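Here are the chains, one letter per residue:
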Amino acid sequence: MADSDQGGAFVEFDRVQKSYDGENLVVKDLNLSLPKGEFLTMLGPSGSGKTTCLMMLAGFETATNGDIRLDGQPINNIPPHKRGIGMVFQNYALFPHMTVAENLSFPLEVRKMGKSEREAKVKHVLELVQMGEFGGRRPSQLSGGQQQRIALARALVFEAELVLMDEPLGALDKQLRETMQFEIKRIADDLGITVVYVTHDQTEALTMSDRVAVFEDGRIQQLAPPDELYESPQNSFVAQFIGENNTLEGTVKEIKNGIALVQLDGGGLIDCKPVNVTKAGERTRVSIRPERVEFDKTRLHADAHTLKAEVLEFIYMGDIFRTRLRVAGQDDFIIKSRNAPDQVRLEPGSEIEIGWLAEDCRALDA
Amino acid sequence: MTFTRTLLATSALVAVGGTAFADGHMASDMTLVSWGGAYQNSQQKAYVEPYIAMNEGVTAVWDESSAEAVAKLRAMNEAGNITWDLVDVVAADAIRLCDEGLAMEINPDEDLADAPDGTKASVDFGDLIVSDCFIPQIVYSTTMGYRTDLVGDTAPTSVCAVFDTEAYPGKRSLEKRPINNMEWALICDGVAKDDVYSVLETAEGQERALAKLDTIKDDVIWWSAGADTPQLLADGEVVMGSTYNGRFFSLIEEQKQPVAMLWDAQVFDLDGWIIPAGLPADRLARVKDFVKFATDTQRLADQSKYISYGPARLSSAPLVGKHADLGIDMAPHMPTDPANATNTFLYNYEFWADYRDDIDAKFQAWLAK
Amino acid sequence: MTSVPDTDAAGRVLSADGTPLKQSLNRALRRQKLRALALIAPLLIFVLVSFVAPILDMLFRSVENQLISDNLPQTVVILEDWDPNSGELPSEAVFEAFAGDLQIAISKKVHTRIGSRLNYEKPGISSLFRKAGRQVKKWDIPNDGPYKEKFADLNKGFADIEVWRTIKTYSGAYTNGYFLNSIDMQKGADGAEARPENEQIYITLFIRTLIMSLAITSLCILLGYPVAWILANLPSRTANLLMILVLLPFWTSLLVRTSAWKVMLQDQGVVNEVLVWIGLVADDSRLALINNQTGTIIAMTHILLPFMILPLYSVMQTISPTYLRAAKSLGATDWTAFWRVYFPQSIPGIGAGSILVFILSIGYYITPELVGGTKGVFISNRIAFHILSSLNWGLAAALGTILLVVVMALYWAYDKIVGIDNVKLG
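Residues numbered from 1 in each chain as written. Chains lettered and ligands numbered in written order. Predicted model: local features only at pLDDT ≥ 70, side-chain atom pairs only at ≥ 80, totals over all residues.

**Some details on the overall build of chain B**
Reasoning step 1: Each helix and strand counted, chain B has 14 helices and 11 strands in total.
Reasoning step 2: The C-alpha radius of gyration computed for chain B amounts to 22 Å, which stays within 12% of the reference 21 Å derived for 369 residues, consistent with globular compactness.
Reasoning step 3: When the backbone C-alpha atoms are referred to their principal axes, chain B occupies close to 75 × 50 × 35 Å.
Reasoning step 4: Per-residue burial over chain B gives 49% buried out of 369 residues.
Reasoning step 5: Intrachain contacts of chain B at a sequence separation of at least 6 include 74% that bridge at least 24 residues. (Helix = DSSP H or I, 4+ residues; strand = E, 2+ residues; numbered from the N terminus. Rg over C-alpha atoms; globule rule 2.2 N^0.38 Å. Buried ≥ 20, exposed ≤ 12 C-beta atoms within 10 Å, placed from the backbone. Contact = placed C-beta atoms within 7 Å.)

Below, the structure written as structure tokens:
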């Protein structure tokens, strides 16, 4: 990293734009740099531009404007097969007419590697993904999870330093997906490779990544480590997109001592942390995580503002309770509480008062 | 069992009905088979339209299947379902159909009309009744034509010009079958006209004819459809070629192409009707009625208004008039016109019926070499 | 509640009502099978009637020869004792039996058919029988013999040993004569022998048909592959539009197409004119593109190309473009990615297209007849000739049977080499 004069950047997007039709930008002014060894996830709804970015990096799309640099070298004009980037595709793209071993051997063959060396590497990488027995099978004889492992192995076998993954777990069932998340993370850490991972599944993004870039409308809305992303969303899109979230709309009444007092449209005053608001009179959308809402008054500051709420529904979900409330005229306010021995089960129809720590309630852009 | 009995009863009823109808009742639909194109059109105009005008309610449907008539009739016969009532075929096919028992034998004096002067049909048609099943209709000939602008100063006068590639260089088109070509080859190789078939009967004679054809093999485009030679001549692809005289007439007189035709060594052939064997009584009665009308002296003469083929009746010849559209006097364009018929050949049916398959095998083997 | 089913004395498992379980299962299945059979019955009957029956009929005709033994029954029996190599005519007994048989045949009007049948083997017999018919029916049999002289007087053909040898050779109810004929052989005095060289044609035609069909198939692959590839990679709207162009040859009548080929390919045609005009070809050495094998190959490739493109197209459509991307991301050049990854996956389409094109071209006869001249005609042209013109259906059936066997042998070889499960129509 020291040899790079890009401040440690291994992969760098520099004011990259992409348009297919010459009228609309799919990717708008993208700036992103990641150091060697980082696991970065591009997260966003479909059409947000994340896959386009990945394809530009892989070389299957060309940037309309701006530079993409790999290890300091601009790669805009380098064809995909010379970039030496490993890639795992959404549906694995294992060659159906080749056996698993032939699939893995393919990138080595095109690099004119000797037979014995190839066999050794194939064997090694098969063991890495715990598929040592399966070299002679055809892809169609493997389960989805096994195919996934082989696809991963194939992207790794030629020792690429950068591996791109385009929603690689999208076709697997939930349990297998979770196993594979850890597996991929483990291998990536063991090998010290740099990974750019595209997904629309936020859990996946939070579990695996060093940093997550949240895409929307062709821009990165927030680039941050998972915990920061979850706990300190920079705007209401990120807050909405990551995790479950309650939103209430209102107007800033005053900002004092780093706390914003917000007058809700549905009635009631609350304390918030001003994130995207600077002065009184601004419209805002406040966001509170359901697990940070308190209804036990003893656990709140004595002078904290509270809101009246009516319990509409109580759902028992095993490890947690999920309660739906009517708050400030909205009846989609959710609170989550841990299923602990002393936990109160709220009765539908009962009236309660709720509140929160000011730092858990973020006043974001309207 | 019940089913079979019902079926038998029904067919018996039909059979009885059939004989009952036979007294005078005629079917009102006819399916006529011909060659399509201008020739079928001439039959429609000269025979069918006047007949329908006289017999209200009768309809005639054409099937353009004459080229495959022999095979189709055999197939229909094997299937036991004859859908044709009257079939136009060349004489050679008529002989084959008659031999195979697929065509009905006819009695010319009973089934065909007398000439206006009372001459019996058998005399009026004469030798042209080449098979017991054959009702002659027209005489046509296969002959040679050439491009007037591609043959130099001396236009060919003899059929042997086709073998003279020095005087007349360029491609020529001949029919892809031995008939006619073998005869011409022998004549041009010096065999007397009367000896042609006795020579051709022997293996040596067949070799000799093929050897003569071999001298021009590389210059020949072989045709299998009558329209080929006129097209090839019109496109300048060949300098000369053989086809039916009617095709030359339309090429020269109607399309005004720079083409002239030879009548020398023209080979006469016959075209006519056969009635399929095994027609039900009512359909047979209808078709016999039609044939009697369609082959009478006037009708045969009328056909030559539309196409330049000669009527098969002697008594029709004086009645040949002018072309219906062009207004040309048709008599000089008839192959049978005395001026044209100075050196002619009559296709030897008996000979070709015997030797066609054998010589054809040798001819095709020679072609493939 | 026990989980073990009841069994009877013999140890068979019983169902709830006491019948053996196997029996009730069979009963249940039989009903299903019957219903399935009833559903496919119309198709089955159709296939039997329109496909299997004609093929069986063809196989039968290629050996069937009952006409002679059925209609000359006495003659055939007595003729068995005659030795054709003795150099003498058959005995008077044969002639008398022949006169009797012939009279019956004449009354049934089949004597000319016998003549036609024997004429395939020896020219001249057709008119012999036809002419004899007019006289023999007037004879008073058996009173006005001897018949040997009577027949000889009637026509010298009846005094020809070869005629009698032919009758004897073809007196069996079944014959291999048609098959021998199909491979340029004949039944001679001492069994099967090669035909004279100037009559050998079928082997040449079989080989030519196979070679040219292979050439047409290869050409269709070469031309069809890029077209199918382009179609498969275009947006479906455009692809459908272009597909119409591919199918256009099907919509034009054969005559229009033939005329078009002639206009294009003949000596004074468009192609030659252009070549002469740009100076590639001298005016006096124009290319012969029609009325020869070239003409047949060009015309047939044009007609059959859609049969290659369609299966290729539908197979290629199923090959995801991701495979090519994957190959490239793994370091393969465009060509390697195509050749190692895309092409092998399109082989089932090539297989299906090739089988279609090859089998269709082997059976084509109209186009070769029109543009093939003398060197560009196929075996099917001879089959058509014997069906339509010479009416020698026995020979046509034998040729067709051989063609069928050849095709099945090639199919078998294809299965062995490439594997028939490696064929896909989409």
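Moving on from the coordinates now.
**Considerations on the overall build of chain C**
Reasoning step 1: Helix and strand counts for chain C come out as 19 helices and 2 strands.
Reasoning step 2: Taking 22 Å as the expected radius of gyration for a compact globule of 426 residues, we find that chain C reaches 32 Å, considerably beyond that expectation.
Reasoning step 3: Along the first, second and third principal axes, the C-alpha set of chain C runs to 100 × 100 × 35 Å.
Reasoning step 4: Relative to its full complement of 426 residues, chain C shows a buried share of 36%.

**A look at the interface of chain C and chain B**
Reasoning step 1: The interface is formed by 31 residues belonging to chain C together with 27 residues belonging to chain B.
Reasoning step 2: Elements with a contribution of two residues or more to the side of chain C that touches chain B: helix 5 (111-119), helix 6 (125-136), helix 10 (202-233) and helix 18 (379-388) of chain C.
Reasoning step 3: The greatest single-element share of the side of chain C that touches chain B, amounting to 5 residues, is contributed by helix 5 of chain C.
Reasoning step 4: Within the side of chain C that touches chain B, the residues separate by chemical class into 8 nonpolar, 17 polar and 6 charged. (Nonpolar A, V, L, I, M, F, W, Y, C, P; charged D, E, K, R; others polar.)

**A word on the arrangement of the chains**
Reasoning step 1: Among 2 pairs of chains with at least one contact, chains B and C form the most extensive contact set.
Reasoning step 2: Nothing in chain A touches chain B; the tightest C-alpha to C-alpha distance between them is still 46 Å.

**Some words on the sheet that holds strand 15 (residues 307-316) of chain A**
Residue and element names in this part refer to chain A.
Reasoning step 1: Across the sheet, 4 strands lie side by side as 17-16-15-18; this open sheet has antiparallel pairing. The sheet is open, and its two borders are formed by strand 17 (330-338) and strand 18 (351-354), each paired with just one other strand. Taken pair by pair, the neighbouring strands of this sheet meet at an average axis angle of 45°, ignoring direction.
Reasoning step 2: Sheet topology places strand 15 next to strand 16 (residues 320-327); 7 bridges connect them, and they run antiparallel. Bridging from a neighbouring strand, Glu310 pairs with Arg326 of strand 16. (Pairing = 2+ DSSP bridges. Axes fitted to C-alpha atoms, helices over the stretch in contact; angles between N-to-C directions.)

**With respect to the domain arrangement of chain B**
All names here are of chain B.
Reasoning step 1: On domain assignment, one finds that chain B holds domain 1 (2-133 + 270-333) and domain 2 (142-265 + 343-368).
Reasoning step 2: Computed over C-alpha atoms only, the centres of domain 1 and domain 2 are separated by 31 Å.
Reasoning step 3: Every contact between the two is made by 11 residues of domain 1 and, on the other side, 9 residues of domain 2.
Reasoning step 4: No other element matches helix 4 (residues 91-99), which puts 3 residues into the side of domain 1 that touches domain 2.
Reasoning step 5: Split by residue class, the side of domain 1 that touches domain 2 holds 9 nonpolar, 2 polar and no charged. (Domains from an automatic or database assignment.)

**Digging into the UniProt feature "domain: ABC transmembrane type-1" (unreviewed entry) in chain C**
Reasoning step 1: If you check UniProt for "domain: ABC transmembrane type-1" (unreviewed entry), the listed places come out as residues 206-414 of chain C in our numbering.
Reasoning step 2: Along residues 206-414 of chain C, the helical share is 79% and the strand share 0%, with 19 Å between the first and last C-alpha atoms. (UniProt positions renumbered as here; feature names shortened; annotations may be inferred.)

**Topic: the environment of Val407 of chain C**
Residues and elements named next belong to chain C.
Reasoning step 1: Within the fold, Val407 resides in helix 19 (residues 393-417).
Reasoning step 2: Residue class for Val407 comes out partly exposed when judged on the 17 C-beta atoms lying within 10 Å of it.
Reasoning step 3: Sequence spacing of Val407 and Ile359 is 48 residues, and the spatial spacing of their C-alpha atoms is 7.3 Å.
Reasoning step 4: Beyond its immediate chain neighbours, meaning those up to four positions away, Val407 contacts Ile359 and Ile362.

**Things to note about the packing of helix 5 of chain C against helix 6 of chain C**
What describes two packed helices is the angle between their axes and the distance between those same axes.
Residues and elements named next belong to chain C.
Reasoning step 1: Interaxial distance between helix 5 and helix 6 falls to 7 Å at its minimum, and their mutual angle equals 165°. Put simply, helix 5 runs roughly antiparallel to helix 6. Helix 6 is crossed by helix 5, and the crossing has right-handed handedness. On helix 6, the residues touching His111, Thr112, Ile114, Gly115, Ser116, Leu118 and Asn119 of helix 5 are Ile125, Ser126, Leu128, Phe129, Arg130 and Gly133.
Reasoning step 2: Here the residues of the contact of helix 5 with helix 6 sort into 5 nonpolar, 7 polar and 1 charged. (Parallel < 35°, antiparallel > 145°, perpendicular 65-115°, else oblique. Left-handed = near helix turned anticlockwise from the far one by under 90°.)

**Some remarks on the interface of chain A and chain C**
Reasoning step 1: In this complex, chain A contributes 18 residues to the contact, which on the side of chain C involves 14 residues.
Reasoning step 2: The residue inventory of the side of chain A that touches chain C, partitioned by class, reads 13 nonpolar, 3 polar and 2 charged.

**Here's the deal with the UniProt feature "transmembrane region" (unreviewed entry) in chain C**
Residues and elements named next belong to chain C.
Reasoning step 1: UniProt records the feature "transmembrane region" (unreviewed entry) for residues 36-56, 205-232, 238-256, 296-316, 347-366 and 387-414 in the present numbering.
Reasoning step 2: Taken end to end, residues 296-316 has its terminal C-alpha atoms 29 Å apart, with 100% of it in helix and 0% in strand.
Reasoning step 3: Secondary structure across residues 347-366 divides into 90% helix and 0% strand, with the first and last C-alpha atoms of the span separated by 30 Å.

**Some details on the pairing of strand 14 (residues 283-288) of chain A**
All names here are of chain A.
Reasoning step 1: Of all 6 residues in strand 14, 5 are buried; the element is thus mostly enclosed.
Reasoning step 2: Inspection of the sheet shows strand 11 (residues 246-256) paired to strand 14 by 6 bridges, in the antiparallel sense. Pairing of Thr251 across the sheet is with Arg283, part of strand 14.
Reasoning step 3: Judged from the 4 bridges that link them, strand 14 and strand 19 (residues 361-364) form a sheet pairing that is antiparallel. Residue pairing for strand 19: Arg285 is matched across the bridge by Leu364.

**Comments concerning the nonpolar core**
Reasoning step 1: Counting 260 residues, the largest nonpolar core has Ala153, Val163 and Leu164 of chain A together with Leu86, Ala94, Leu97 and Ile274 of chain B as its most contacted members.
Reasoning step 2: With 15 residues, the single largest contributor to this core is helix 14 (residues 293-317) of chain C.
Reasoning step 3: Residue contacts for Ala153 of chain A: discarding those within four places in its chain leaves Leu104, Val125, Leu126, Leu128, Val129 and Met131 of chain A. (Core = buried A, V, L, I, M, F, W, Y, C linked by C-beta atoms within 7 Å.)

**Examining unusual backbone geometry**
Residues and elements named next belong to chain A.
Reasoning step 1: The backbone of Glu167 sits at a positive phi, close to 40°, despite the residue not being glycine.
Reasoning step 2: Unlike most non-glycine residues, Asn257 shows phi in positive territory, near 55°.
Reasoning step 3: Its location among the elements puts Asn257 in the loop between strand 11 and strand 12 (259-264).
Reasoning step 4: Classification of Asn257 as exposed rests on a count of 6 C-beta atoms within 10 Å.

**Some points on the sheet that holds strand 14 of chain A**
Residue and element names in this part refer to chain A.
Reasoning step 1: Within the closed barrel, the 5 strands sit side by side as 11-12-13-19-14. Their pairing is mixed. Direction aside, neighbouring strands of the sheet carry axes that sit 50° apart on average.
Reasoning step 2: Pairing between strand 13 (residues 269-274) and strand 19: 2 bridges, direction parallel. Within strand 19, the position partnered with Pro274 by the bridge is Ala363.

**A closer look at the environment of Pro226 of chain A**
Residues and elements named next belong to chain A.
Reasoning step 1: Here Pro226 is to be found in helix 7 (residues 226-231).
Reasoning step 2: Judged by the 19 C-beta atoms lying within 10 Å of it, Pro226 is partly exposed.
Reasoning step 3: The sequence separation of Pro226 and Met131 amounts to 95 residues, and the corresponding C-alpha distance is 31 Å.
Reasoning step 4: In contact with Pro226, other than residues within four places in its own chain, are Leu206, Ser209 and Val212.

**Concerning the pairing of strand 7 (residues 162-166) of chain A**
All names here are of chain A.
Reasoning step 1: Most of strand 7 sits inside the fold, with 5 of its 5 residues counted as buried.
Reasoning step 2: The alternating pattern of strand 7 places Leu162, Leu164 and Asp166 and Val163 and Met165 on opposite faces, both of which are buried.
Reasoning step 3: When strand 6 (residues 86-88) meets strand 7, the two strands line up parallel, connected through 3 bridges. Considered in strand 7, the bridge of Gly86 is made with Val163.
Reasoning step 4: The pairing of strand 7 with strand 8 (residues 194-199) spans 5 bridges and is parallel.

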